[in-house]
Amino acid sequence: APAAKMAALSGGGTPWRRGWLPALQLVRRGSKAVTRHWKAMHFQRQKLMAVTEYLAPRPAVPPRCLAPRKEKLDEDNGYVRLLRRQVEEVFRDNRMIAVCQYNSMPDEDMVLMRHYLRKHNIEVKFVLNEIVRPVLSQSKYKNLLPLFVARNILLVSPETKAKEMLRVLKGVSQVNLLGACIDDTILSRQGVENFAKLPSLEAAQGQTVGALALLPSQTSSLLQRGSVHLTALLDQHIRRLQAGETGSPAEPTPGQSSG
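Residues numbered from 1 in each chain as written. Predicted model: local features only at pLDDT ≥ 70, side-chain atom pairs only at ≥ 80, totals over all residues. Heavy atoms only, no water.

An unreviewed UniProt entry lists the protein under the name Large ribosomal subunit protein uL10m, with Sagittarius serpentarius given as the organism. The UniProt entry for the protein carries the following text under Subcellular location (unreviewed entry): "Mitochondrion". Regarding the protein, the UniProt comment filed under Sequence similarities (unreviewed entry) reads as follows: "Belongs to the universal ribosomal protein uL10 family." (UniProt positions renumbered as here; feature names shortened; annotations may be inferred.)

As structure tokens, this is what we get:
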């Protein structure tokens, strides 16, 4: 009886109590403890590492004594030289060279733009940056190099037709004026617009001649004014003397009648 009672208290009689586990279990989920810390290398090991360090062997001949390698220069073919010669002729034979940025546009619009420009003796030239940049870098137009970055075209003319060119480009949004070289003078877009507002060379020369001729004429009239006035007074005095001798009244001069 005491054994059965102990068995009943210990749960030996019920099989579901043999595998019983507590409902609440404590599980550690924090970070692990740091067990490794940095430690300085022992000085004897430092000596050993310094002694056994690999040193690359020095070359028998110093690098400064070696002959430099000859770089192979790419020789330009005949077609590239021809294109560069054409670019040189364009900059040499034309007084106005305008650099424009060219965006894609229909062929019909391009033909129409070239037609209107050709009426004013302005030609459109398509150039490649790899062709025109070496030419400009060795010429007096090297300040135009920053304009040749993307796809560009040149508007060239043996005359300075800036006003007509701007009038045509105003209706073409795909072509943007970047700068120009007019009479060996590099101008920005604003400079080209200001140049287009100037009068023609003949009109400017006429205005200059008129301004220069006005001053001498005024000076001449001022210098002659005293002598003319003196001559008129002497003539009047002579008429009065003659009238006093004859007893007839002196006739008024035209200057006195108008005055």
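> What is the right way to read the side chain of Asn94 from this model?
Along the chain, Asn94 falls in the loop between helix 3 (78–93) and strand 1 (96–102). Here Asn94 is in contact with Glu89, Val156, Ser157 and Pro158, once residues within four sequence places are set aside. (Helix = DSSP H or I, 4+ residues; strand = E, 2+ residues; numbered from the N terminus. Contact = heavy atoms within 4.5 Å.)

> Please clarify how the sheet that holds strand 5 (residues 185–188) should be interpreted in this entry.
Think of a sheet as strands paired side by side through backbone hydrogen bonds, with each pair either parallel or antiparallel. Spatial ordering of the open sheet is given by 2-3-1-4-5, a layout of 5 strands whose pairing is antiparallel. Sheet topology places strand 2 (123–126) and strand 5 at the edges, where each strand pairs with a single neighbour. Within the sheet, the average angular offset between the axes of one strand and its neighbour, ignoring direction, is 25°. The sheet contact formed by strand 4 (residues 175–182) and strand 5 spans 4 bridges and is antiparallel. Its bridge partner being in strand 5, Ile182 is matched across the sheet by Thr185. Seen against the sheet, helix 7 (residues 189–196) touches strand 4 and strand 5 and runs at an angle of roughly 105° to strand 5. (Pairing = 2+ DSSP bridges. Axes fitted to C-alpha atoms, helices over the stretch in contact; angles between N-to-C directions.)

> What is the right way to read the layout of surface pockets from this model?
Empty space left among the atoms is revealed by rolling a probe the size of a water molecule over them. The space that makes up the largest pocket amounts to roughly 500 Å³. Lining the largest pocket are 16 residues, with Thr160, Phe195, Pro199, Ser200 and Leu201 sitting closest to its centre. Here the lining of the largest pocket is built from residues that sort into 7 nonpolar, 2 polar and 7 charged. A volume near 260 Å³ is recorded for the second largest pocket. Lining the second largest pocket are 14 residues, with Arg84, Glu88, Val135, Leu136 and Ser139 positioned closest to its centre. Elements with a minimum of two residues in the lining of the second largest pocket: helix 3 and helix 5 (129–137). In terms of residue class, the lining of the second largest pocket is made up of 5 nonpolar, 2 polar and 7 charged. (1 Å grid on protein atoms, 1.4 Å probe; cavity = no way out; pocket = protein on both sides within 12 Å on 5 of 7 lines; lining within 4 Å. Points joined across faces, edges and corners; volume = space filled by probe spheres on them. Nonpolar A, V, L, I, M, F, W, Y, C, P; charged D, E, K, R; others polar.)

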